[in-house]
Amino acid sequence: MGCFPAIIMFTCLCTFLLSVVTGNEPSPYEALQSYDFPVGLLPQGATGYRLNRSTGEFTAYHNGTCSFTLDNSYQVNYKEEIKGVISKGRLRRLTGVSVKVLMVWLNIVEVDRKDDDLKFSVGFTSASFPVRNFDQCPRCRCGLLCGEHDHSAFSM
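Predicted model, so just to flag it, every value in this text is computed and none were measured.

**Q** So what exactly am I meant to see when it comes to the pairing of strand 1 (residues 46-51) here?
**A** One face of the sheet, then the other: side chains in a regular strand alternate in exactly this way. By the bridge criterion, 5 bridges tie strand 1 to strand 2 (residues 57-62) in an arrangement that is antiparallel. When the bridges of strand 2 are listed, R50 appears paired with T59. In sequence, strand 1 turns back onto strand 2 through a hairpin of 5 residues, with G56 there showing a positive phi of about 85°.

**Q** What exactly am I supposed to notice about the packing of aromatic side chains here?
**A** Centre-to-centre distance and the angle between the planes together describe a pair of aromatic rings. Following the criterion strictly, the structure yields 4 aromatic pairs and no others. Between F120 and F134, the aromatic rings sit 5.4 Å apart at their centres with planes inclined by 40°, giving tilted as the arrangement. With F120 in strand 8 (residues 117-121) and F134 in the segment after strand 9 (126-130), this pair connects stretches of sequence that are 14 residues apart. Accessibility expressed as a relative area gives 7% for F134, which makes it buried.

**Q** Help me understand unusual backbone geometry in this model?
**A** With a phi close to 50°, L102 is a non-glycine residue in the positive phi region. Within the element layout of this structure, L102 appears in the loop between strand 5 (90-101) and strand 6 (104-107). The backbone of R141 sits at a positive phi, close to 80°, despite the residue not being glycine. Tracing the chain through its elements places R141 in the segment after strand 9. According to the relative accessible area criterion, R141 is exposed, its value standing at 74%.

**Q** Would you explain the environment of G84 in this entry?
**A** Relative to the elements of secondary structure, G84 occurs in strand 4 (residues 74-87). Through-space distance from the C-alpha of G84 to that of G96 is 8.9 Å; in sequence the pair is 12 residues apart. Non-local contacts of G84, meaning those with residues more than four positions away in its chain, are made with G56, E57, F58, R92, R93 and L94.

**Q** Can you help me understand the side chain of H62 in this one?
**A** Looking at the element boundaries, H62 is found in strand 2. Look at H62 and you get buried, because its relative accessible area is 5%. Beyond its immediate stretch of four places on either side in the chain, H62 contacts P43, Q44, G45, A46, T47, K79, E80 and C140.

Thresholds applied
- Residues numbered from 1 in each chain as written.
- Predicted model: local features only at pLDDT ≥ 70, side-chain atom pairs only at ≥ 80, totals over all residues.
- Heavy atoms only, no water.
- Pairing = 2+ DSSP bridges.
- Helix = DSSP H or I, 4+ residues; strand = E, 2+ residues; numbered from the N terminus.
- Phe/Tyr/Trp six-rings, centres within 6.5 Å; stacked < 30°, edge-to-face > 60°.
- Buried < 20%, exposed > 50% of the residue type's maximum accessible area, 1.4 Å probe, protein only.
- Contact = heavy atoms within 4.5 Å.

Below, the structure written as structure tokens:
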């Protein structure tokens, strides 16, 4: 009877380690979807994340910095670590993602989903795009249409 608690603890530890090793934890993309965001908010190559479910604070990890151009006009840059606070349909206090607007790099600080639109804020201004534009993950260096010459798939 004295070994029973140790056996229970050992079983729980093995179950936890097995879930970590076998990848039962949702991917960063699946985690985004659970908060009503499309997978295309993160580029391909996200390697993991940390999430405090009670506060919404998160850190997403990418295998290096990632830059690409969308619609021949929006140059986007992701750092290796992207941080912020996530809740259903809202990302705030975002760091690690920037966009080049008129020769100036601006940090995207908030993303809000309203129905079928995503509103991206850089603090003093914002722009909205259809959610469908983010159904697929962009790739570093070439964005959404790698190997294609027409870069007009990203529409307002």
